[in-house]
Amino acid sequence: MKTIYVDTSVLGGKFDEEFGYWTQKFFDQVITDNVQLLKSDVVDDELTGAPGFVREFVNSPPGKVIQHIELSE
């Protein structure tokens, strides 16, 4: 299984006019290929200020596609 770390720009890119098409294709491929995405505390902190529809999108993939990892030293 592939694992990819994603940051806020990837997650919010779905709603960007310039990157939306490619971001949706990326997430379609993630689901098709059973790829595990990782996001950190930093991403969670940044998402608190994001519009509701972005936070909903982050929580919408099936199963555990996006998993939280805790930062450490």
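Residues numbered from 1 in each chain as written. Predicted model: local features only at pLDDT ≥ 70, side-chain atom pairs only at ≥ 80, totals over all residues. Heavy atoms only, no water.

Caption draft 1: Focus on the overall build of the protein. When you go through the protein residue by residue, the secondary structure sums to 4 helices and 3 strands. If you list the helices and strands of the protein from N to C, you get β-α-α-β-α-α-β. For 73 residues, the compact-globule estimate of 2.2 N^0.38 gives 11 Å, and the protein sits close to it at 12 Å. Reported as C-alpha extents along the three principal axes, the dimensions of the protein are approximately 35 × 30 × 20 Å. Put simply, the protein has 73 residues, and 32% of those count as buried. For the protein, long-range pairs separated by at least 24 residues make up 74% of all intrachain contacts whose partners lie at least 6 apart in sequence. With the model as given, the accessible surface of the protein reaches about 5,100 Å², and the carbon-plus-sulfur share is 52%. Counting 6 positive and 13 negative side-chain charges, the protein places the centres of these two groups 8 Å from one another. (Helix = DSSP H or I, 4+ residues; strand = E, 2+ residues; numbered from the N terminus. Rg over C-alpha atoms; globule rule 2.2 N^0.38 Å. Buried < 20%, exposed > 50% of the residue type's maximum accessible area, 1.4 Å probe, protein only. Contact = heavy atoms within 4.5 Å. Areas by Shrake-Rupley, 256 points an atom, 1.4 Å probe, with all protein chains shown as cover. Lys, Arg positive; Asp, Glu negative; His and termini not counted. Charge placed at Lys NZ, Arg CZ, Asp CG, Glu CD.)

Caption draft 2: Layout of the nonpolar core. If you look at the biggest cluster of nonpolar residues, it comprises 14 residues, and the most contacted ones within it are Leu11, Phe27, Leu37, Leu47 and Ile66. Listed by contribution, the elements that provide at least two residues to this core are helix H2 (20-32), helix H3 (41-47) and helix H4 (52-58). Ranked by residue count, the leading element in this core is H4, at 3 residues. (Core = buried A, V, L, I, M, F, W, Y, C linked by side-chain atoms within 4.5 Å.)

Caption draft 3: Seen up close, the pattern of salt bridges. Across all of its chains, the model carries 1 salt bridge by this definition. Salt-bridge contacts for Asp44 lead to Lys39; the nearest nitrogen and oxygen are separated by 2.5 Å. The exposure class assigned to Asp44 is partly exposed, which follows from its relative accessible area of 25%. (Salt bridge = Lys/Arg side-chain N within 4 Å of Asp/Glu carboxyl O.)

Caption draft 4: Here's a closer look at the confidence of the model for the protein. The predicted model of the protein averages 89 in pLDDT, with 99% of residues at 70 or higher. Ranking the elements of the protein by mean pLDDT puts strand S3 (residues 66-69) last with 88 and strand S1 (residues 3-5) first with 94. (pLDDT = per-residue confidence, 0-100.)

Caption draft 5: Structural view of H2. Between its first and last C-alpha, H2 extends 18 Å over 13 residues, near the 18 Å set by a 1.5 Å rise per residue. Within the span of H2, buried status applies to Gly20, Thr23, Phe27 and Val30. Projected down its long axis, H2 shows its buried positions confined to an angular sector of 85°, all on one face. Of the exposed residues in H2, those oriented more than 90 degrees away from the buried face are Tyr21, Trp22 and Thr32. The inward-facing, buried residues of H2 abut helix H1 (8-12), strand S2 (36-40), H4 and S3. Backbone geometry just downstream of H2 places Asn34 in the positive-phi region, at approximately 55°. (Expected span 1.5 Å × (residues − 1). Arc of directions from axis to C-beta.)

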